Amino acid sequence: MKGTSHLLVGGVAGLVTSNVFETDPVTTGILIASGGIAGLIPDMDVDGTLSNKITNSHKFIQTLAQIIGVLIIVYSFLTGVGQEKWNGVGAGVGIIVIASFLTRRHMLLVSGLGVVAAGLFLEENWLFLFGVYIVVASIVPHRSYTHSILGVIFFGVIARQVEAAFGIEGLFWALLAGYASHLVGDMKVLPVNKRGIKLLLPFSNQDF
């Protein structure tokens, strides 16, 4: 499935979640956007031959890393206190600068380490865990652990922390549903997919 399709399906998952929770228009928009973004996250793995053009684009990965840096800067400035604020801003700036010079694999790895550092500085568990996710995604083969049940569980932990941090009802389910929709979209049961995903890693290499 193409990256734009994953984005749209994830957005629909967010919309369904908003209907279940009967959210207001602003929250509905947040859940749709969150589901769409979560629908792209499994493809942050960049090793091997990629069928998804979004992850095969060096410019996309570079832009993604820089967006992460900007978000860290904004988040740190708005929520940080004292030195904590400037540590987060510095980490965000560092990610943006470094992302301008590194290769795709190295860029994603360093960006993940930067997010880990920002999470530690800001004492935000979700940010730290997301950084760990990015680091792992930068070193595993495509359609492996990020496309497995283990990946869903780990992302679910992150999503729960995100909802707790921002206090938006339904955010956990929107993120989790968006992520899960990506895995369903990459399974062999769909005729558009010539290869499937290894849902049961590390216990089995069977494609689904």
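A short tour of the structure in this document, coming up. (Residues numbered from 1 in each chain as written. Predicted model: local features only at pLDDT ≥ 70, side-chain atom pairs only at ≥ 80, totals over all residues. Heavy atoms only, no water.)

**So, the overall build of the chain**
Test applied: To qualify as a helix, a DSSP run of H or I must reach at least 4 residues; to qualify as a strand, a run of E must reach at least 2; elements of each kind are numbered from the N terminus. The rule is simple: take the accessible area with a 1.4 Å probe, protein chains only, and divide by the maximum for that residue type; under 20% is buried, over 50% is exposed, in between is partly exposed. The contact definition used throughout considers only heavy atoms, calling two residues in contact when any of these lie within 4.5 Å. Computed with a 1.4 Å probe, the accessible areas rest on the Shrake-Rupley method; for each residue, only the protein chains presented here act as cover.
Within the chain, the regular secondary structure consists of nine helices and zero strands. For the chain, the sequential pattern of α-helices and β-strands runs α-α-α-α-α-α-α-α-α. Looking at the chain as a whole, 47% of its 208 residues qualify as buried. Sequence-distant contacts in the chain: of pairs separated by 6 or more residues, those separated by 24 or more amount to 64%. By element, 70% of the accessible surface of the chain is carried by carbon and sulfur atoms, the whole surface being about 10,200 Å².

**Side note on the pattern of salt bridges**
The criterion, for reference: Salt bridges are defined as contacts in which a side-chain nitrogen from Lys or Arg sits within 4 Å of a carboxyl oxygen from Asp or Glu.
Tallied over the entire structure, the rule returns three salt bridges. A salt bridge links R143 to D186, with the shortest nitrogen-to-oxygen separation between them at 3.3 Å. Here R143, found in the loop between helix 7 (125-137) and helix 8 (149-166), pairs with D186, found in the segment after helix 9 (171-185); they are 43 residues apart in sequence, far enough to count as distant. Relative accessible area serves as the criterion here: at 4%, R143 is assigned to the buried category. In this structure, the salt-bridge partner of D207 is K198, at a minimum N-O distance of 3.0 Å. The class for K198 is partly exposed, based on a relative accessible area of 23%.

**Thoughts on the environment of D45**
Topologically, D45 is positioned in the loop between helix 2 (25-38) and helix 3 (53-56). Each C-alpha atom, one on D45 and one on H142, is 5.3 Å from the other, the two residues being 97 residues apart in sequence.

**Some thoughts on helix 7**
Threshold: In this analysis, the expected span of each helix is defined as 1.5 Å times one less than the number of residues it contains.
In this model helix 7 runs 18 Å from its N-terminal to its C-terminal C-alpha over 13 residues, within 8% of the 18 Å that 1.5 Å per residue would give. Residues W126, L127, L129, F130, G131, Y133, I134, V135 and A137 constitute the buried set of helix 7.

**Here we look at a nonpolar patch on the surface**
Heads up, the condition is: Nonpolar side chains (Val, Leu, Ile, Met, Phe, Trp, Tyr) are joined into patches within 5 Å and like charges within 9 Å, using only residues with over 30% relative accessible area and no salt bridge.
Taken together, the side chains of V70, V74, F77, L78 and W86 define a hydrophobic patch exposed on the protein surface, amounting to about 530 Å² of accessible area. Broken down by element, the nonpolar patch gets its largest block of residues, four residues, from helix 4 (residues 58-79). Checked against the element boundaries, F77 lands in helix 4. Note on F77: relative accessible area 46%, which makes it partly exposed.

**Details of unusual backbone geometry**
Trans is the prevailing form of peptide bonds, just as negative phi is the prevailing case for residues other than glycine. Of note, the amide linkage connecting L201 to P202 takes the cis form, showing an omega dihedral of 0 degrees. The backbone of E123 sits at a positive phi, close to 55 degrees, despite the residue not being glycine. For E123, a relative accessible area of 67% translates into the label exposed.

**A few points about the packing of aromatic side chains**
The geometry of an aromatic ring pair is captured by two quantities: the separation of the ring centres and the angle between the planes. The cut-off we apply is this: Paired rings are identified among Phe, Tyr and Trp, the last through its six-membered ring, by centres lying within 6.5 Å, and are further divided according to the angle between planes into stacked (under 30 degrees), edge-to-face (over 60) and tilted (the rest). Only when the NZ atom of a Lys or the CZ atom of an Arg is both within 6 Å of the ring centre and within 35 degrees of the ring normal do we say a charge sits over the ring.
Tallying each qualifying case throughout the model produces ten aromatic pairs. Here Y75 and F166 contribute two aromatic rings whose centre-to-centre distance is 5.8 Å and whose plane-to-plane angle is 55 degrees, an arrangement assigned as tilted. Taken together, the residues Y75 in helix 4 and F166 in helix 8 connect sequence positions 91 residues apart. Its relative accessible area of 15% is what places Y75 among the buried residues. Every member of this aromatic cluster is reached through a ring pair, and the members are F130, Y133, F154, F155 and Y179. Across the ring face of F77, the terminal group of K85 is positioned such that the distance to the ring centre comes to 4.8 Å.

**Digging into the side chain of S144**
Assignment of secondary structure puts S144 in the loop between helix 7 and helix 8. With near-sequence residues (within four places) excluded, S144 lies in contact with D45, K198 and L201.

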